[in-house]
Amino acid sequence: MVDFGRYPVGPVPPLPRPLPAGPETPSDAQPDELPDLERRPTFWSWISHFPRSLRCGCYLINFTPAGSRFVTYDGTLRVECHSNGRTASGDLYQRRTMVVPQPHVPGHPHIPPFASAVVLAPGPKPGAGIPILPRSRYRYYLSVTQIVEFFTTGNSFTLGFDRWRFNPAAGFVPPFWTNEGSFTARMTWLTAPSGYPSPGNYLEGDVKDAGGNVVGRLTMGWVSTFLRKATVEIDRVAQSESPLNNGAGAGWKAIGQAVGWDISVDESDSNLAEPSGASWSDAECHQEMLAKRDQSNLDVEWRYHVLCVRELDSTSRGIMYDAYAGDSNNVPREGCAIASHWVIPNSQQWGTVQGMRFGAATAPYFRTAVHETGHAMGLYHNTADNGFMNTTDTIAANSLSPGSAVFPGNVLWSYNADDAARLRHMPDVYVRPGGTPFGTSYATTPISPPDQVLDMEGVEVTVSPLLDAVPLGAPVRVAIRLAASGNGAVEVPSTVSLRSGCVRGEVTDPTGVVRTFSPLVLCLDDVPRRVLSKGQGVSDSLTLLRGGQGALFPVPGAYRIRVEVRWDVGDVEVTAAGSANVMVTPAADDEHARAAMKVLSTPDTLLTLVLGGDHLKEGISAIQAALESKVLRPHYAHVEAKRLARRFGTRKPDLKAAAKLIDDAAVLSPAEFIAAAGFVAESKDRASARALTQRLKKKVANLSVDDEVRLVLDKL
Amino acid sequence: MDNPLVGVWEKTTVSACSEKYPDTLDFQPNGIYVGHREPQGTFTIWDAGAYSIVADDRVRISTANDALVTYSFAIAGHTVTFTDSASCAFTYRRTGA
């Protein structure tokens, strides 16, 4: 079944309009305002009567907000020159920060290390040409609205742009883009710092908002005549041809060049094994792409994979399979496939290639590879002309129109102008592989933390479900471990329980809906900290049932749980996160279904689980319903045991009843074992305490749990 | 055999599951179709391509990523109702009818 899911509904930033070439009028001119920058006059600034013009191509840009210590953005500005002037656009990615762990004092390993320090990671190297930046750091699209250049005097010009914030965390709720307003920057040519390939094409200027306030500083240095760069990798079975050109001189390089893309072709595997005969399913294509491509890190290279096989299950000629349900790794638009052994029908519209095997029809075969790669670049069909993004069927049918050349002579070996503009100026996340999904919602795009919260380097969060599958209605228990993974020491919260206030997270259900869970209190400065060396960690368990939007696991299916730990390092908030998958199985019988409905629809179930007590009647009632279900009983046994084992008002703790509940089937997380040990330690009912101790020790003997749990039980 | 789908159709169903299908559909006699959604440029799963009637009540349509997908359809007077593999049913009315 093909599940097309949702489709883009958020407003997309408009592509920039062409800007006419022409001199800035004196009334537009503003004095240079670079009070905080040392002037670095260039050779050109002394020859002010010469006209200066912004060089076409790609600029490495950096925007640093005013007064910001740890927030800076790197990216590209694409300046396209054409007969009507210029069209320009840009993208900004937030630069990583690094928490630099401090080593122990040499020779004194017993002395605790100093606290970690936060520093900005190095920026892209201008000498490396067009930078490729990590998708998860994508933040802004810049739609350039004004490039007013002096053509008579001066060495600066006014750059105007609208700044669009990308909001991947908005999930299914539009808008995905927020226009943060119009900005201008008076850009002045300066001598480039070392490393730039063209020292005379470097500019800096203060960025002002619509109110004239300086909001940051922009630098831009030319790095390439191209606007974007990518690699097309071609892998094939032995019987299929490589689609390298149209047989008449048009190849990938030339086609890319026409739209400002620097395309490299990686003709790689030529003898792929067929997994199930001549015809490949979408899943087989996807699996082969993952297994055979030469480079898989889409954050260092834009690589599109073209798989050439004899036949395809889903279609005749070609498909961009990496979409919808075919995208099994949730990384969209990485690859496409074409079929060399489709036989072109013997009908008039197929012109000179009718009856041919598709791979032998060099021109339409290559065109299909370009067309499918166009889908991988985020383009949809375009019937405005016979260019690359029209469908082959339509172009063949168009050949029967009076005056048309016969197919494939009527193929236009170019992108329609609208598609060319999209390839040059759509936001990076639309065109780069692994960016926004093809025709689907943005829910699967990486979720970015707010810019002021920094990813903690040298720390890993591991999330491990206690059970890989739980029945509908049961709480999901996960163990979390925050551990130092780098060299040197890092300071972290001493506890990672939900009660610490430092832990939060989200659960993505089988349909992509995201629900969050968060602590009742925030992580405060006075939360105890400890310093971890490499390999050391702090662990705890979470029992997840409900969050801010209701039940976290309301339907059967596969869920993804993401747990995030946030705390302060100095005056900077840092974060580390990990995730895991869990399966929720459907109701086994009517009794289970009724009990599941009751616990899932009763908000007080969670409060009873967390707080215990006798006062939350509806919560207790829901848990009783769960205990009456033989499927859910093991998952709620400890919840009820905990409630009964604690005094509430005048009611005395009932350890005997609690012990009875913790039977062999009862499901307990490590934290719940420790909590149960606490009941025993506090109890005056020694007989029941002994019974519960024996049961806990017996249970833990068969489990893989932390030494801490065994230690606590051994002390009983 | 006359092709009962040929013509221009406007969607009359408003539902979440059918939102990805075009507002207007033009099935041409040569086996080509074009679909549009408003506002212009909005993605639709049936944007352009080929279609062929493979049974009295089934039509195969090439979709936005070039996959060929079979849908069931039923024509009653001037309306056609398509049903996709997720059991989403949605109806179009022939324009000018």
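What you see is a predicted model, and the numbers here were worked out from it, not measured in a lab.

1. Side note on helix α4 (residues 362–376) of chain A
Residues spaced three or four apart along an α-helix face the same direction, because each turn holds 3.6 residues. Taking 1.5 Å as the rise per residue, α4(A) with 15 residues should run 21 Å; its terminal C-alpha atoms sit 21 Å apart, in good agreement. Positive backbone phi, approximately 90 degrees, marks G378(A), located one or two places after α4(A).

2. Re the confidence of the model for chain A
Confidence in the prediction for chain A averages 83 pLDDT; 84% of positions are at 70 or higher. Ignoring residues within four places in sequence, the model shows residues 1–10 of chain A, a span with pLDDT below 50, making 30 contacts including any to other chains.

3. Thoughts on the interface of chain B and chain A
Taken together, the 19 residues of chain B in the interface contact 23 residues of chain A. The element best represented in the side of chain B that touches chain A is strand β4 (residues 48–55) of chain B, accounting for three residues. Among the residues making up the side of chain B that touches chain A, the classes are represented as 11 nonpolar, five polar and three charged.

4. Concerning the sheet that holds strand β2 (residues 24–27) of chain B
All names here are of chain B. Judged by pairing direction, the barrel is antiparallel, and its eight strands sit side by side in the order β1-β2-β3-β4-β5-β6-β7-β8 before closing back on the first. Geometrically, the sheet is characterised by an average inter-axis angle of 35 degrees between neighbouring strands, direction not taken into account. Inspection of the sheet shows strand β3 (residues 32–36) paired to β4 by three bridges, in the antiparallel sense. Bridge assignment links Y33 to a residue of β4, and that residue is G49.

5. Side note on the sheet that holds strand β26 (residues 537–544) of chain A
Residues and elements named next belong to chain A. Spatial ordering of the open sheet is given by β19-β21-β26, a layout of three strands whose pairing is antiparallel. Pairing within the sheet leaves two strands with one partner each, and these edge strands are β19 (459–465) and β26. Across this sheet, the average inter-strand angle for adjacent strands is 20 degrees, counted without regard to direction. Note: strand β21 (residues 476–484) against β26, eight bridges, orientation antiparallel. Bridge pairing links R481 to S539 in β26.

Procedures and definitions
- Residues numbered from 1 in each chain as written.
- Chains lettered and ligands numbered in written order.
- Predicted model: local features only at pLDDT ≥ 70, side-chain atom pairs only at ≥ 80, totals over all residues.
- Helix = DSSP H or I, 4+ residues; strand = E, 2+ residues; numbered from the N terminus.
- Expected span 1.5 Å × (residues − 1).
- pLDDT = per-residue confidence, 0-100.
- Contact = placed C-beta atoms within 7 Å.
- Nonpolar A, V, L, I, M, F, W, Y, C, P; charged D, E, K, R; others polar.
- Pairing = 2+ DSSP bridges.
- Axes fitted to C-alpha atoms, helices over the stretch in contact; angles between N-to-C directions.

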